[in-house]
Amino acid sequence: MKEATVLKQENLKGLSSVIKVPTYDRSRVKAGIVHIGIGGFHRAHQAFYCDQLLHENNSEQWGICGVALLERDEKIYQTLKAQDGLYTLIVKELDGRWSPRVIGSMVEYMFAPENPKAVIHKIANPATKIVSLTITEGGYNIDEATGEFNLKNPLVQHDLANPENPKTVFGYLTQALKMRKENQVKGLTIQSCDNVQSNGKVMKKTLFAYVNEAQPDLLAWMEKHVSFPDSMVDRITPVTTKTDIEKLRNDYGIEDAWPAVCEPFIQWVIEDDFSTGRPHWENVGAQFVNDVAPFEKMKLSLLNAGHSVLGILGALIGYDTIDQAVQDSDLNTFLRGFMDQEVTPTLSDLDGVNLTEYKDSLIARFANINIKDQVARICSESSSKIPIFILPTVLKQLQQNGTYNRAAFVLAAWAVYSLGKDEKGITLDIIDAMKEEANEKAQAAQKEPKLFLEMKQVFGSLSNSKPFVDSFTRNYNNIVTDGIKKSVIAINSKTQTK
Ligand code: CS2
């Protein structure tokens, strides 16, 4: 067999006969964007938009410097470094075909733990106009019990004590902003690209809370010179598997240690609020609007919550992938009922969006048998996803005297999931910062289900709502007695219960 070609700048020309490669001159591209969190999602989404744009004239100032912030991100940093920032993006079409392309927009890369000062200087550099972030839902460090930034987090405490050697995004940004102010470098846009409602506003609130402790004299300057646009981001990006890497090698002759894989669908709706200019992402499919909130709300409460519904219930039944879960007609009906009866009544301000079509399209995307999105990926960090994806629906429905039975069922299923075994007794591989605590509460819930809701960092004050607690308890007992499938079928057969 022919040897595969290693993905590297010097090999790009040779690869252009087998795969789409960047045709712009990468040596001329400058990193006007520093991006923190260079996982699969960023590489399938923003970096893809930037790559598309770099093919247009006059856009070479909008390349990306990718920053791996955490110790555990060293592998992606080393991979990108070895490949000159290049990687393959494999789009898995609905009919099973692959549309792979090489993305070239990441022209610099840094590993923060190796050299924190270099990262601070990079963000402080006047050539940096945008710092964009994919730091995950939990990265915003909000305590659901208070709704505020959690100053007690040991990493935050570390940064307050060691401002020059930070570990969190808040510590890095604060030092860099301090330098920008001192050097009179005006303006910076900090752009969250995470699945958080009002992500820009949340980023602003959390960063201001940190700066208020660390460097209060910066606040007025930040208020004037730094903007935090909201954005809604969307593209399903499963975890890359060994099989993907092998198929790329065998079918295309490309040796890429860490390609990114994704579905064909892509969407980015951005609030047009950039302090010092921005790329013309609208030329390559992004939408700029004045108010992103309705789009975010729709996406988080239907797509992301829909994922959690399928993930948590699917994990207990023993499914490995989201397509398997959504092909199960009982789960499918349950999900549609959740979307129609519980989420839709909470979405009132969506002018011009056909919600029925949107929900249909989500189910079709979930059912894509080619992307094999992992149930384990969806269930990971549920403790920080549930407050964002599911709770707003419950709270709104409680407030408007609507129905929330299916949401309560999913939360009850999460309590059972947190015990650590699926319904066949197979150990679940739970990845969650609150895994231990959730497990403790889940054990207590075996005697008294409502004790699970006492996890205030996740559920806020939900346990104070008697009607919700009753619904949760009833659903919990049904799951324990009858299992997920039978209970789901029973719910599907009724019209509506609180
Ligand atoms: C998923 C998201 O992590 C999750 O639970 O719902 O990663 C989802 O695939 C993306 O937000 C799609 O845009």
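About the cut-offs
- Residues numbered from 1 in each chain as written.
- Predicted model: local features only at pLDDT ≥ 70, side-chain atom pairs only at ≥ 80, totals over all residues.
- Heavy atoms only, no water.
- Helix = DSSP H or I, 4+ residues; strand = E, 2+ residues; numbered from the N terminus.
- Buried < 20%, exposed > 50% of the residue type's maximum accessible area, 1.4 Å probe, protein only.
- Domains from an automatic or database assignment.
- Buried area = accessible area lost by both parts, 1.4 Å probe.
- Pairing = 2+ DSSP bridges.
- Axes fitted to C-alpha atoms, helices over the stretch in contact; angles between N-to-C directions.
- Contact = heavy atoms within 4.5 Å.
- Salt bridge = Lys/Arg side-chain N within 4 Å of Asp/Glu carboxyl O.
- Parallel < 35°, antiparallel > 145°, perpendicular 65-115°, else oblique.
- Left-handed = near helix turned anticlockwise from the far one by under 90°.
- Near = heavy atom within 4 Å.
- Polar contact = N/O pair within 3.5 Å; in protein donor to acceptor, adjacent residues only side chain to side chain.
- Areas by Shrake-Rupley, 256 points an atom, 1.4 Å probe, with all protein chains shown as cover.

This next bit is on unusual backbone geometry. Even without glycine at this site, Asn 58 takes up a positive phi of about 60 degrees. By the element assignment, Asn 58 lies in the loop between helix H3 (46-54) and strand S3 (64-68). Residue Asn 58 is classed as exposed on the basis of its relative accessible area of 66%.

Accessible area lost during the coming together of the parts is what is often quoted as the interface size. As far as domains go, the protein holds domain 1 (5-289) and domain 2 (293-493). The C-alpha centroid of domain 2 is placed 29 Å from the C-alpha centroid of domain 1. Taken together, the two surfaces of domain 1 and domain 2 that pack against each other cover about 2400 Å², and 59% of this comes from carbon and sulfur. Its largest share of buried area at the contact with domain 2, domain 1 owes to Glu 144, Gln 197 and Ile 236, together 25% of the area lost on that side.

Strand order in the open sheet made by the three strands is S5-S4-S14, with mixed pairing throughout. Both outer strands of the open sheet, strand S5 (98-103) and strand S14 (260-262), are each paired with one neighbouring strand and no more. Across the sheet, the axes of successive neighbouring strands diverge by a mean angle of 20 degrees, strand direction being ignored. Inspection of the sheet shows strand S4 (residues 87-92) paired to S5 by six bridges, in the antiparallel sense. Directly across from Thr 88, in S5, lies its bridge partner Val 102. Across the face of the sheet, H3 comes into contact with S4 and S5 while running at roughly 75 degrees to S5.

Next up on the list: the side chain of Asn 141. By the element assignment, Asn 141 lies in the loop between strand S7 (130-133) and strand S8 (142-143). Asn 141 has contacts with Glu 148, Phe 149, Asn 150, Asn 153, Val 156 and Phe 170, leaving out every residue within four places of it along the chain.

This part covers the pattern of salt bridges. Applying the stated criterion across every chain, the model contains 23 salt bridges. Two residues, Arg 365 and Asp 234, come together in a salt bridge whose shortest N-O distance is 2.9 Å. Of this pair, Arg 365 sits in helix H14 (residues 355-366) while Asp 234 sits in strand S12 (residues 231-234), placing them 131 residues apart in sequence. According to the relative accessible area criterion, Arg 365 is buried, its value standing at 8%. Using a relative accessible area of 1% as the deciding quantity, one classes Asp 234 as buried.

Time to look at the packing of helix H5 (residues 116-124) against helix H7 (residues 169-182). Between H5 and H7, the shortest axis-to-axis distance is 8 Å and the interhelical angle comes to 50 degrees. For the element pair H5 / H7, the angle class is oblique. Judged by the sense of rotation from one axis to the other, the crossing of H5 with H7 is right-handed. Contacts from Pro 116, Val 119, Ile 120, His 121, Ile 123 and Ala 124 in H5 reach Tyr 172, Leu 173, Gln 175, Ala 176, Met 179 and Arg 180 in H7.

Further remarks concern the site of the ligand. Taken together, 13 residues sit near the ligand, with Asn 195, Asp 234, Lys 299, His 307 and Arg 377 positioned nearest. Measuring from an oxygen atom of the ligand, one finds a side-chain N or O atom of His 307 at 2.7 Å. Between the ligand and Lys 385, the relevant distance is 2.9 Å, taken from an oxygen atom to a side-chain nitrogen or oxygen of the residue. Starting from 340 Å² of accessible surface for the ligand in isolation, the protein chains cover 94%. Breaking the shell around the ligand down by element, the ones donating at least two residues are S12, helix H11 (293-317), helix H15 (375-379) and helix H16 (382-389). The greatest single-element share of the shell around the ligand, amounting to four residues, is contributed by H11.

With that out of the way, let us pick up the sheet that holds strand S11 (residues 226-227). Pairing within the open sheet is parallel, and its six strands lie in the order S6-S3-S2-S7-S10-S11. Where the open sheet ends on each side, the last strands, each with one partner, are strand S6 (106-111) and S11. Here strand S2 (residues 33-36) runs beside S7; their pairing, made up of four bridges, is parallel. Residue pairing for S7: Ile 36 is matched across the bridge by Leu 133. Seen against the sheet, H3 touches S2, S3 and S7 and runs at an angle of roughly 160 degrees to S2. Helix H8 (residues 199-214) contacts S7 and strand S10 (188-192) of the sheet and is inclined by roughly 115 degrees relative to S10.

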